[in-house]
Amino acid sequence: MPPFRYRLGIISDPHIALPETIWQHQSRFHLVEVSLSAFEQAIARFQACGVDALLLPGDLTQHGELVNHHWLQQTLTALPFPAYVVPGNHDVIYPRATDGVLGLAEFPSQYAAFGYSDAAQPWYHCALTPGLHLVGLNSNQFDADGNQQGYLDEAQLDWLVTTLTELRDRCVIVMVHHNSVEHLPDQLNHPLGRRYMLDNAPQVRQVLRDGGVRLVFTGHLHVQDIAQQDGIWEIATGSLVSYPHPYRVVELCQDDQGQLTVQIESFHITQAPGYENLQDYSRDWIGDRSFPFMKQLAELPPLNLPETEADELAKQLRYFWAEIAEGDRTFSFAEQPPAVQQWLERFSAGEPQQDNQALLRL
Ligand SMILES: [Fe+2]
Ligand SMILES: [Fe+2]
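Residues numbered from 1 in each chain as written. Chains lettered and ligands numbered in written order. Predicted model: local features only at pLDDT ≥ 70, side-chain atom pairs only at ≥ 80, totals over all residues.

Caption draft 1: Focus on unusual backbone geometry. Note the cis peptide between Y243 and P244, where omega equals 0°. The step from P301 to P302 runs through a cis peptide bond, and the omega angle for that step is 5°. When you line up the elements, P302 lands in the loop between α7 (291–299) and α8 (307–316). One non-glycine residue, D59, lies in the positive phi region at around 50°. Along the chain, D59 turns up in the loop between β2 (53–56) and α2 (66–77). (Helix = DSSP H or I, 4+ residues; strand = E, 2+ residues; numbered from the N terminus.)

Take a look at the structure:
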């Protein structure tokens, strides 16, 4: 196991949207109006603090628009360090390109300079530095009707098993858009949470664990959370364009005994042109839009509240989702009936792991 020290910048779900492409709709959670400025600010910090590479775990664009993909590609090409991407569900809306929108089939050739070595294969591995390899996976699939799904297909899992066997004596980190580890209570079984996970997450964790992987980088959930399941540590990074507009610097350090130390720092975009107090504005933006989501949370199992009670609880939970997205929150709902209190408090950050500033020894 060769020793190394390597610094990564992480930007997830930047949802790049040039002004002329911005969709206006009432329930939009993310504030894509700040996407270009936020991206440039994060890059400026990475340049100032000297990262070795940038990882982008998907949802690169607002909704797959070619012009937004091109803006990002040009920006990444100009960087003094390499950048690596994987597709999110908002990057590859269809199996093939159509009408100004990128498809999954074209993604690897479009992003050939950012990890992909084979234009026909939407997954890859590459050496970041001697001893440290990156595997980039594609979690976007389509059913027979063309509807989007989130899982790793068998061909990719077979490739993963073979690749991880070949890289046995290397440290391998994995990047994929959908979550492989639960970040919310009963996430894989809950109707609101499961859409953010790989459908075959337990199987994927087993393949990763058997292949010696300990660290995975994901996005999609728009929540700052670090969690461990079945020996896999997953760093989910929140969206650069939704509250609290986070991004991370992660330093990986492996000693000659193979002990891996992961130092995680998180930063936030606090302003953008026209948004001088971005944090407050954006917290209210989510608060204004999360009511239907909170009402569903109250009406679905395990709470099963009737509509009037769900309505009342959802009003009280105006900032609940924003606070979950921050990470590191401990919730207290002592004023609620015991069943409600117990369920909502399960969304507290798990001890002792911190979500924003953290040190992992793997
Ligand atoms: Fe996203
Ligand atoms: Fe997503």
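Caption draft 2: Spatial organisation of the sheet that holds strand β1 (residues 4–10). Spatially, 6 strands are ordered β3-β2-β1-β12-β13-β14 in an open sheet, and the strand pairing comes out mixed. Two strands bound the open sheet, and with one partner strand each, they are β3 (83–85) and β14 (358–361). Each strand of the sheet is rotated relative to its neighbour by a mean of 20°, with strand direction disregarded. The pairing of β1 with β2 spans 3 bridges and is classified as parallel. Note that in β2 the partner of I10 across the bridge is L55. (Pairing = 2+ DSSP bridges. Axes fitted to C-alpha atoms, helices over the stretch in contact; angles between N-to-C directions.)

Caption draft 3: How the structure looks around the domain arrangement of the chain. Taken domain by domain, the chain consists of domain 1 (4–270 + 354–361) and domain 2 (289–345). Centre-to-centre, using C-alpha coordinates, domain 1 lies 29 Å away from domain 2. Counting from both sides, the interface comprises 15 residues of domain 1 and, opposite them, 10 residues of domain 2. Here the residues of the side of domain 1 that touches domain 2 sort into 6 nonpolar, 7 polar and 2 charged. (Domains from an automatic or database assignment. Contact = placed C-beta atoms within 7 Å. Nonpolar A, V, L, I, M, F, W, Y, C, P; charged D, E, K, R; others polar.)

Caption draft 4: Highlighting the packing of α7 against α8. Following both chains from N to C, one finds α7 and α8 inclined at 130°, their axes separated by 8 Å at the closest point. As summarised for this structure, α7 and α8 are arranged oblique, according to the angle between their axes. By crossing handedness, the relation of α7 to α8 is classed as right-handed. The segment α7 lies against α8, with F291, M294, K295, A298 and E299 engaging E307, A310, D311, L313 and A314. Its residues placed into classes, the contact of α7 with α8 shows 6 nonpolar, no polar and 4 charged. (Parallel < 35°, antiparallel > 145°, perpendicular 65-115°, else oblique. Left-handed = near helix turned anticlockwise from the far one by under 90°.)

Caption draft 5: How the structure looks around the environment of W159. Topologically, W159 is positioned in helix α4 (residues 154–166). Here the alpha-carbon distance between W159 and G258, two residues 99 residues apart in the chain, equals 25 Å.

Caption draft 6: How the structure looks around the sheet that holds strand β5 (residues 132–136). With mixed pairing, the 6 strands of this open sheet are ordered in space as β4-β5-β8-β9-β11-β10. For this open sheet the edge positions go to β4 (124–129) and β10 (225–229), each flanked by a neighbour on one side alone. Strand-to-strand twist in this sheet, taken as the mean axis angle between neighbours without regard to direction, amounts to 25°. As paired strands, β4 and β5 are joined by 5 bridges and run antiparallel to one another. Bridging from a neighbouring strand, A127 pairs with H133 of β5. In this fold helix α5 (residues 201–210) packs onto β8 (171–175), β9 (215–218), β10 and β11 (232–236), with an angle of close to 115° to the strand it touches most, β11.

Caption draft 7: Local environment of the environment of F267. Residue position: F267 is located in strand β13 (residues 260–268). Since 17 C-beta atoms lie within 10 Å of it, F267 is described here as partly exposed. Spatially, the C-alpha atoms of F267 and T218 are 17 Å apart, while their sequence positions differ by 49 residues. Setting aside its immediate chain neighbours within four residues, F267 contacts R45, P246 and Y247. (Buried ≥ 20, exposed ≤ 12 C-beta atoms within 10 Å, placed from the backbone.)

Caption draft 8: Seen up close, the pairing of β11. Taking burial as the measure, the 5 residues of β11 include 5 buried ones, the bulk of the element. Because side chains alternate across β11, one face comprises the buried residues I232, E234 and A236, and the other comprises W233 and I235, equally buried. Bridge count for β9 against β11 is 4 bridges, and the pairing is parallel. The residue bridging F217 from the neighbouring strand is I235, located in β11. Summarising the sheet, β10 and β11 pair through 5 bridges and their orientation is antiparallel. Each bridged residue has a counterpart across the sheet, and for A227 the counterpart in β11 is E234.

Caption draft 9: Structural context of α4. Between its terminal C-alpha atoms α4 stretches 18 Å, which fits the 18 Å expected from 13 residues at 1.5 Å a residue. Within α4, the full set of buried residues consists of Q156, L160 and L164. For α4, the buried positions fall inside an angular range of 65° around the axis, keeping them on one side. Along α4, exposed side chains directed more than 90 degrees from the buried face belong to E154, A155, D158, T162, T165 and E166. Elements that come into contact with the buried residues of α4 comprise β8 and α5. (Expected span 1.5 Å × (residues − 1). Arc of directions from axis to C-beta.)

Caption draft 10: Looking closely at the environment of P130. If you trace the backbone, P130 turns up in the loop between β4 and β5. Given 10 C-beta atoms within 10 Å, P130 falls into the exposed group. The spacing of P130 and T75 is 55 residues in sequence and 27 Å in space, taken between C-alpha atoms. Apart from the residues within four sequence positions on either side, P130 is in contact with P2 and F4.

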